[in-house]
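Commentary on secondary and tertiary structure
Each chain, written out:
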Amino acid sequence: MAKREAIDLTTADGLDNEQRARLLGIIDQLRELGISENISPPQLVVVGDQSSGKSSLLEGLTGLSFPVASDLCTRFATQIVLRRAFMEDAGARITIIPGPTSRQDEALTQRLLGFERSLAASEFGCQEFGNIFDELYGVPGPKTIDFEKLDKRFSGDILKVELSGPNHRHLSVVDVPGLFHNVTKFQTEEDRAVIRKLIKDYITDGRTIILAVMDARNNLANQEVFSMARAADPAGKRTVGIITKCDALQEGDEDGVLRIAQNQVEKLTHGWFAVRNRSTKEINEGVTVEGRHRIEKDFFAQAHPWKSLQKNRVGIDAVKGFLGHLLYDHIRSEFPAVIKDIEGLSSETEKDLELLGLPRQSASDQRRFLMRLVCAYQSQVHKAQNGNYDEALDAQSPLKLRMHVRKLNDQFALLMSRKGHAKLFRTIQGKIDSDFKRQEQETQNIYEWIRGYYVDSRGPELPGIVNPVVIENMFRQQSSPWEALGKIYIGAIADLVCAFNTHVLKSIVPDDEVRENLRALLSPREQENKHQALDCLQRILNDERGGVLQTVNHYYADTLSSIRRERVLARLEGLGFNDGVPFDTEKVLKSVHLSNDDQAVYDIHDMLKAYYKVAIKRFTDNVVMQVTERHLLGDDGPVKVLSPDLVGSLTELQLAELAGESFITASRRNDLIAKAERLREALDVARVAAI
């Protein structure tokens, strides 16, 4: 039995050890579980224009020779995972990680997950890699001829290539398609937009380290990938610059590139590296990857002016060592946040699944489902009506029902006090009473209005006697704005209830169809209760304005007595009579006495004012209590209609119509179950790493 070749994990790279391998492996496991659909993993992503030397850079990093015409093959992201292993364990394993779109199709997901090719190191080369591309489902490969007939020119899936061997450092990089500028039959303007979006999605992620590849022969300003990287990472904290094709520069053009390589132009936190890849001539002459490394080492050691660059910034070995450290440190720093994100998403998914409930095929399942929703609804109603609001609610949230009702009650009372009266009552001095003052100008003095109405309404009664019917009619005119103000208030309360129901159902019913069905059930009840509320308002108005004027409230008598007393005192004070001043009784009586008509006008005003004050408070309170609280917020109101009694009374046909499960809902439940299982597994994997 051959002796296994030992691998020294402590020589060139002290971090190239089991701990790093374990951490990188855990990130790979999380990616395979589809976590990257919702949570960004810490990763290295290689981006660059087509023909920038990106594929050759990857060849140097991985030892993997990409197929000829690789720009036509790389129609999806490729994750390349390097692992250090014994020589006899060296080899390659190729699998597919389904993307978000593919995971929506269960059959396709299983087919992609079932794709696997495992090859020994001696069997895996450029040709075999190309053959694997051609095996993939519908995206172009090296043997593709008719590109126009392809159903899928790009894929959101990830091709994963795992390479193991004694010369590999533990490293993982993601390669995305190169950005092109010239449209051909092989690559359209639509393809360019797709690639640009793919690159942007990767590099704008805050957990992505960007390996931006620059062709030394092209001006940095003309390479769009760098402008995209600059937009995604303005401070340059997540970007590593890689300069390729240094040996292909025209003599005399080196100074500008050297300044970039020395981090003097595009300043990046992690700086720049320069590499020399195999030329087309060297590939045709059969120069191996190992030969490439030797030629590169000699080039940066001898070629002028490249030998002036720092040794730890040139050559593929320097790049590999640096990236190994960088990725490991990056994963360690981001890993606690990754675990927290997985926990949050897992909790959210479990909650969505819980709200969706169990399958609802039978009537008993549907009734049980509705009972759970009704209990959740009633809980929200109880909170809203008692002012027990969740802290997370916005100040204007419709779920703060009682708060909004109180505001409308206060506004209604204020509106009634300012606009409820047709005429402005006066003080004993003849000025407008401040309790009834408003911005609108008075068109007619209330005393003039009373006098005119009194004179026009005189009957057989003796002079100075006021017919009670006159006061009743004048009160009806004075309170004529009440109906319109009451309807405005009731409409506003009804709108509040409608908005509350809409938001509650949105928060507790994840199924769109069930939510719409429940909303359709509530809407007629909301309208019915609004009509009942308006009918009740009309009855209260008729009670206040349609019959005789009645009150047993002592406030009326006290107010009227106080006004009369103040009128007498005011007339006396007007004649100079005060406390302690001698006066002629006859003179006093003559000064206090008014004509019958004047006395009647003042009496009508004072009685009307005293009664109006009592009536408006009574009316306002009655509207709030009997209309709002009884018909819109009470037990028979639209915020209480969804009840266990209602659910219990539904027939099987009504249950099926209201809560029957659609294909979309069943599919969503299956997706959530699969997602929850993947997240639970991901949490188990991640938490083990955190120990």
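In this text, all values refer to a predicted model and were calculated from it rather than measured experimentally. (Residues numbered from 1 in each chain as written. Predicted model: local features only at pLDDT ≥ 70, side-chain atom pairs only at ≥ 80, totals over all residues. Heavy atoms only, no water.)

Topic: the overall build of the protein chain
Looking only at helices and strands, the protein chain has 23 helices and 9 strands in total. Expressed as a percentage of the 691 residues in the protein chain, the buried residues total 48%. Carbon and sulfur atoms make up 51% of the accessible area of the protein chain, which totals about 34600 Å². (Helix = DSSP H or I, 4+ residues; strand = E, 2+ residues; numbered from the N terminus. Buried < 20%, exposed > 50% of the residue type's maximum accessible area, 1.4 Å probe, protein only. Areas by Shrake-Rupley, 256 points an atom, 1.4 Å probe, with all protein chains shown as cover.)

Section: the pattern of salt bridges
With the rule as written, the count across this model stands at 33 salt bridges. Here D365 ties to R368 by a salt bridge, and the two come within 2.6 Å at their closest N and O atoms. One end of the pair is D365 and the other is R368, both in helix α12 (residues 363-386) and 3 residues apart, which spans about a single turn. Linking E526 and R519 is a salt bridge whose minimum nitrogen-to-oxygen distance equals 3.1 Å. (Salt bridge = Lys/Arg side-chain N within 4 Å of Asp/Glu carboxyl O.)

Description of the sheet that holds strand β4 (residues 116-120)
Spatially, 9 strands are ordered β4-β3-β5-β2-β6-β1-β7-β8-β9 in an open sheet, and the strand pairing comes out mixed. In this open sheet, the two edge strands, each paired with only one partner strand, are β4 and β9 (272-274). Averaged over all adjacent pairs, the angle separating strand axes in this sheet is 20°, with direction ignored. Here strand β1 (residues 43-48) runs beside strand β7 (residues 208-215); their pairing, made up of 6 bridges, is parallel. Its bridge partner lying in β7, V47 is registered against A212. Taken strand by strand, helix α1 (residues 18-32) contacts β1, β2 (77-84), β3 (91-97), β5 (158-165) and β6 (171-175), and its axis lies near 150° from that of β2. (Pairing = 2+ DSSP bridges. Axes fitted to C-alpha atoms, helices over the stretch in contact; angles between N-to-C directions. Contact = heavy atoms within 4.5 Å.)

With respect to the nonpolar core
Of all hydrophobic cores here, the largest spans 71 residues; its most connected members are L370, W482, L518 and F619. Looking at this core, the elements with two or more residues in it are α12, α13 (401-419), α14 (446-456), α15 (468-478), α16 (482-508), α17 (512-545), α20 (596-632) and α22 (652-659). Looking at this core, the element that brings in the most residues is α20, giving 15 residues. Those residues in contact with L518 that lie beyond four places of it in its chain are L370, L373, L505, V509, L642 and L658. Judged by nonpolar contacts, the second largest core, of 53 residues, contains A92, L163, L345 and L683. (Core = buried A, V, L, I, M, F, W, Y, C linked by side-chain atoms within 4.5 Å.)

Some words on the side chain of Q366
For Q366, the location among the structural elements is in helix α12. Not counting residues within four places of it along the chain, the set of residues in contact with Q366 comprises R360, Q361, E652, L655, A656, A659 and G660.

Some remarks on the packing of α1 against helix α11 (residues 316-356)
Where α1 meets α11, the closest approach of the two axes is 10 Å, and the angle between their N-to-C directions is 50°. Comparing the axis directions of α1 and α11 gives the class oblique. Crossing geometry of α1 relative to α11 is assigned as left-handed. Packed against α1, whose contacting residues are Q19, R20, L23, L24, I26, I27 and L30, the element α11 presents G324, H325, L327, Y328, I331, R332, F335, V338 and I342 at the interface. (Parallel < 35°, antiparallel > 145°, perpendicular 65-115°, else oblique. Left-handed = near helix turned anticlockwise from the far one by under 90°.)

Quick look at the packing of aromatic side chains
This model, assessed by the stated rule, comprises 14 aromatic pairs. Ring centres of F273 and F322 lie 5.0 Å apart, and the angle between their planes is 50°; on these two criteria the pair is classed as tilted. Residue F273 is found in strand β9, and its partner F322 is found in helix α11; the two are separated by 49 residues along the sequence. When the ring of Y447 is compared with that of Y602, the centres are 5.4 Å apart and the planes differ by 80°; the resulting orientation is edge-to-face. Residue Y447 is located in helix α14, and its partner Y602 is located in helix α20; the two are separated by 155 residues in the primary sequence. Its relative accessible area of 13% is what places Y447 among the buried residues. Positioned above the aromatic ring of F322 is the side chain of R313, whose terminal nitrogen or guanidinium carbon lies 5.2 Å from the ring centre. (Phe/Tyr/Trp six-rings, centres within 6.5 Å; stacked < 30°, edge-to-face > 60°. Lys NZ or Arg CZ within 6 Å of the ring centre and 35° of its normal.)

Side note on the environment of I209
By the secondary structure assignment, I209 is in strand β7. By relative accessible area, I209 is classed as buried at 3%. Excluding residues within four positions of it along the chain, I209 makes contact with Q43, L44, V45, R238, V240, L326 and H330.

Looking at the confidence of the model for the protein chain
Across the protein chain, the average pLDDT comes to 81, with 86% of residues at or above 70. Across residues 68-73 the pLDDT falls below 50, and counting only partners more than four positions away or on other chains, this stretch makes 13 contacts in the model. Under a pLDDT of 50 for its full length, residues 137-145 has, in the predicted model, 33 contacts with residues more than four places off or in other chains. (pLDDT = per-residue confidence, 0-100.)

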